[in-house]
Amino acid sequence: MGLSILNADENAIRDAARALVRREVAPHAAHDDAHEIYPRRNMELLGQQGYLGMIVDPAFGGAGASYLAQTLVVEALAEADPATAVVYEVHNSLHIEAIWRFGTDEQRRRWLPDLCQGKAIGAFALSEAEAGSNAAALIARARRVNGGYGLTGRKMFITGGGEADRYLVFATVNPDLKEGGITAFVVAKDAAGLSFGPPMDKMGIRAARTSEVILDNVFVPESDRLGQEGDGYSMALYLLDGGRIGIAAQGLGIMQAALSRSLHYARERHQFGRPIGTFEGVQWRLANMATDLHAARLMTYEAARHREEGPAQRPLFAMAKLFSSEHAVRHAEDAIQIFGGYGYMTEFGVERLLRDAKITEIYEGTSEIMRWIIASQLLHDYDLDNI
Ligand SMILES: Cc1cc2nc3c(=O)[nH]c(=O)nc-3n(C[C@H](O)[C@H](O)[C@H](O)COP(=O)(O)OP(=O)(O)OC[C@H]3O[C@@H](n4cnc5c(N)ncnc54)[C@H](O)[C@@H]3O)c2cc1C
C-alpha cells in the first residue's frame, strides 16, 4: 500500500530498496555485526543496482534522482543493517555530494563514475581527537609544496578508515585564519604517507569500521584540492546538513525495525493465557512508537525535500536528526522491554537495535549541537507568527 506521505514514485523507490535489502542485506546483517565484516559487498551491489550517487546527474554516473529518494534508501538499509546504512550515507552525502556540488567538471568526470558504481568507496575525514563538535579547531596542516600540498595530521573516528578507497580530508593552510584556513582535499587510500589506525572496538554499527586516519606529509596535487583554499569549513557544514538528514533516516529504519519486531512479538508471545499485545501497558508503548515514527518520517522527508535550499534550512535538518535519533534510541529500548528477557539476549537481535541506535545521537553533530543550532536560530530570528 505504501506510505500516504510519499507519492507513488517515492513509494516505488522505497518498495524496491526494501525488497533488495530484505533479500541481500538482512540475511547476513547479524553475522556481519558479530564478525565486524565491512559491507563492501553490499556497497558493490547497491552500485550495480543504481543506488549510489542517486542525486548525481546521469552524465557523471548518477541517477539524477531526488534527495528524498536517496534518503529512502538509507532508511531501507537501516531497517536491516544500520552499519551499511552509515557507510552508504557517508559515501553518498559526505563524499560523492562534495564532489558533485563543489568539484570541477574534470574532477567530477575523474571521480564520480567509480563512486556511483560502487567500484570505489568514499570517506569523510573532518574530526580530530581535539576537534569534534568544534571542527573549526582542527590542526591538520596543508603546506604548499611544488605542484600541490603536503598534508600532515591525524583524523579521529573515521567511518571506513582503512577500508574506503578515497578520503575527503579537511586541513588548514593557515591556522591563524581559523575556519578561514580550512581546505578540502581528496586523498587516495594508497597515497604515500597515508596510514590507518586499527579498527576501533565499539558498541554498535560494528560492521562499519571506524579508524584513525594518519597523514604524514602526504603529497596531494593541486588538482585534487576541492574548491578554493579556505572553502573547506563552509563546505563541511553544507555537507553535514545533508548528512544529518541521512542520520535521521538511519533513525527511521531503526524505529521501523523496533516497531515491526515488537508488533510481531506482541501477537505471538502469551502470558497470563493471552497475547501480551492485549495488555494496555504493551499497547500504549506500541501506539507511542507508531506515532513517533510517523512524526519522525514527516520531519525527515520534509527536510529531504528542502535539502536543495541549503544552509537556510539548517535548523530543519537539525530538528529532523534530533527528533529521529532520540526516538530511535527510545524505541530500541521499548522493543527490548516488550521482548522481556529475550530482548536482552543477542540471539533475538533486538539488543542490536539499541547498540546501533545510540550513535545516531552522536555523529554528524551531537543532540546538544542540534539543539544549539535550533535555539540559535530561534533567538536570532524569533518571529512569533512563524513558529
Ligand atoms: C562511530 C563513529 C563514527 C564517526 N565517523 C566519523 C566520520 O566518518 N568522519 C568524521 O569526520 N567524524 C566522524 N565521527 C566523529 C563524530 O562526528 C564526533 O564524535 C562528534 O562530532 C562529537 O565529537 P567528539 O566525539 O569529539 O565529542 P565532543 O565534541 O568532545 O563532545 C563531548 C560532549 O560535549 C558536548 N558538547 C560539546 N560542545 C558543546 C556545546 N557547545 N554545547 C553543549 N554541549 C556540547 C557534546 O554534545 C558531547 O555530549 C564519528 C564518531 C563515531 C563515534
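Residues numbered from 1 in each chain as written. Predicted model: local features only at pLDDT ≥ 70, side-chain atom pairs only at ≥ 80, totals over all residues. Heavy atoms only, no water.

## Here we look at the environment of R18
Thought 1: Here R18 is to be found in helix 1 (residues 8-35).
Thought 2: Along the primary structure R18 and Q117 are separated by 99 residues, whereas in three dimensions their C-alpha atoms are 19 Å apart.
Thought 3: In contact with R18, other than residues within four places in its own chain, are A76, E79 and Q256.
Thought 4: Looking at R18, its side chain comes within polar contact range of the side chain of E79, at 2.9 Å. (Helix = DSSP H or I, 4+ residues; strand = E, 2+ residues; numbered from the N terminus. Contact = heavy atoms within 4.5 Å. Polar contact = N/O pair within 3.5 Å; in protein donor to acceptor, adjacent residues only side chain to side chain.)

## Here we look at the packing of aromatic side chains
Thought 1: This structure, assessed with the given rule, holds eight aromatic pairs.
Thought 2: The ring of F60 is capped by R108, whose NZ or CZ atom sits 5.4 Å from the centre of that ring.
Thought 3: Lying across the ring of Y67, R307 places its NZ or CZ 5.5 Å from the centre. (Phe/Tyr/Trp six-rings, centres within 6.5 Å; stacked < 30°, edge-to-face > 60°. Lys NZ or Arg CZ within 6 Å of the ring centre and 35° of its normal.)

## A closer look at the domain arrangement of the chain
Thought 1: According to the domain assignment, the chain consists of domain 1 (8-120), domain 2 (124-230) and domain 3 (233-386).
Thought 2: The straight-line distance from the C-alpha centre of domain 1 to that of domain 3 is 21 Å.
Thought 3: At the junction of the two partners, domain 1 supplies 27 residues and domain 3 supplies 28 residues.
Thought 4: In total, domain 1 and domain 3 occlude about 2,200 Å² of area from one another, counting both sides; carbon and sulfur atoms represent 60% of this.
Thought 5: Interface area lost by domain 1 to domain 3 is led by Y67, E75 and F102, which between them contribute 24%.
Thought 6: Applying the counting rule to domain 1 against domain 3 returns five salt bridges.
Thought 7: Between E75 and R297 there is a salt bridge, with its nearest N and O atoms 2.8 Å apart.
Thought 8: Looking at the side of domain 1 that touches domain 3, the elements that each hand over two or more residues are helix 1, helix 3 (67-80) and helix 4 (82-102).
Thought 9: For the side of domain 1 that touches domain 3, the element with the highest residue contribution is helix 4, accounting for 11 residues.
Thought 10: Here the residues of the side of domain 1 that touches domain 3 are counted per class, giving 15 nonpolar, two polar and 10 charged. (Domains from an automatic or database assignment. Buried area = accessible area lost by both parts, 1.4 Å probe. Salt bridge = Lys/Arg side-chain N within 4 Å of Asp/Glu carboxyl O. Nonpolar A, V, L, I, M, F, W, Y, C, P; charged D, E, K, R; others polar.)

## Describing the site of the ligand
Thought 1: With respect to spatial proximity, 17 residues lie near the ligand, and among them F124, S127, S133, T366 and E368 are the closest.
Thought 2: Within the contact set of the ligand, a nitrogen atom lies 2.8 Å away from a backbone nitrogen or oxygen of F124.
Thought 3: Contact between the ligand and S133: an oxygen atom at 2.6 Å from a side-chain N or O atom of the residue.
Thought 4: In isolation the ligand offers 970 Å² of accessible surface; the protein chains occlude 66% of this area.
Thought 5: For the shell around the ligand, the elements supplying multiple residues, two or more each, are strand 3 (148-159) and helix 10 (367-380).
Thought 6: Taken together, the residues that form the shell around the ligand break down as nine nonpolar, six polar and two charged.
Thought 7: Counting contributing residues, the shell around the ligand receives three or more from each of domain 2 (124-230) and domain 3 (233-386). (Near = heavy atom within 4 Å. Areas by Shrake-Rupley, 256 points an atom, 1.4 Å probe, with all protein chains shown as cover.)

## Considering the pattern of salt bridges
Side chains that differ in sign of charge can pair as their charged atoms come close.
Thought 1: Scanning the entire structure with this criterion turns up 28 salt bridges.
Thought 2: For R206, the salt bridge goes to E36, with nearest N and O atoms at 2.4 Å. Residue R206 is found in the loop between strand 6 (194-196) and strand 7 (210-221), and its partner E36 is found in the loop between helix 1 and helix 2 (40-48); the two are separated by 170 residues along the sequence.
Thought 3: Among the residues examined, E36 registers a relative accessible area of 35% and is labelled partly exposed. (Buried < 20%, exposed > 50% of the residue type's maximum accessible area, 1.4 Å probe, protein only.)

## Brief notes about the side chain of K202
Thought 1: As for its position among the elements, K202 is in the loop between strand 6 and strand 7.
Thought 2: Despite its burial, K202 pairs with no opposite charge, the nearest such side chain being E36 at 6.3 Å.
Thought 3: There is a polar contact of 2.7 Å between the side chain of K202 and the backbone oxygen of A208.
Thought 4: In this structure K202 touches A208, R209 and T210, once residues within four positions along its chain are discounted. (Lys, Arg positive; Asp, Glu negative; His and termini not counted.)

## Topic: helix 8 (residues 314-339)
Thought 1: For helix 8, spanning 26 residues, the distance from its first C-alpha to its last is 38 Å, which sits close to the expected 38 Å at 1.5 Å a residue.
Thought 2: Counting buried residues along helix 8, 20 of its 26 residues qualify, which places the element largely inside the surrounding structure.
Thought 3: Taken from the residues just after helix 8, G340 is the one with a positive phi, measuring 60 degrees. (Expected span 1.5 Å × (residues − 1).)

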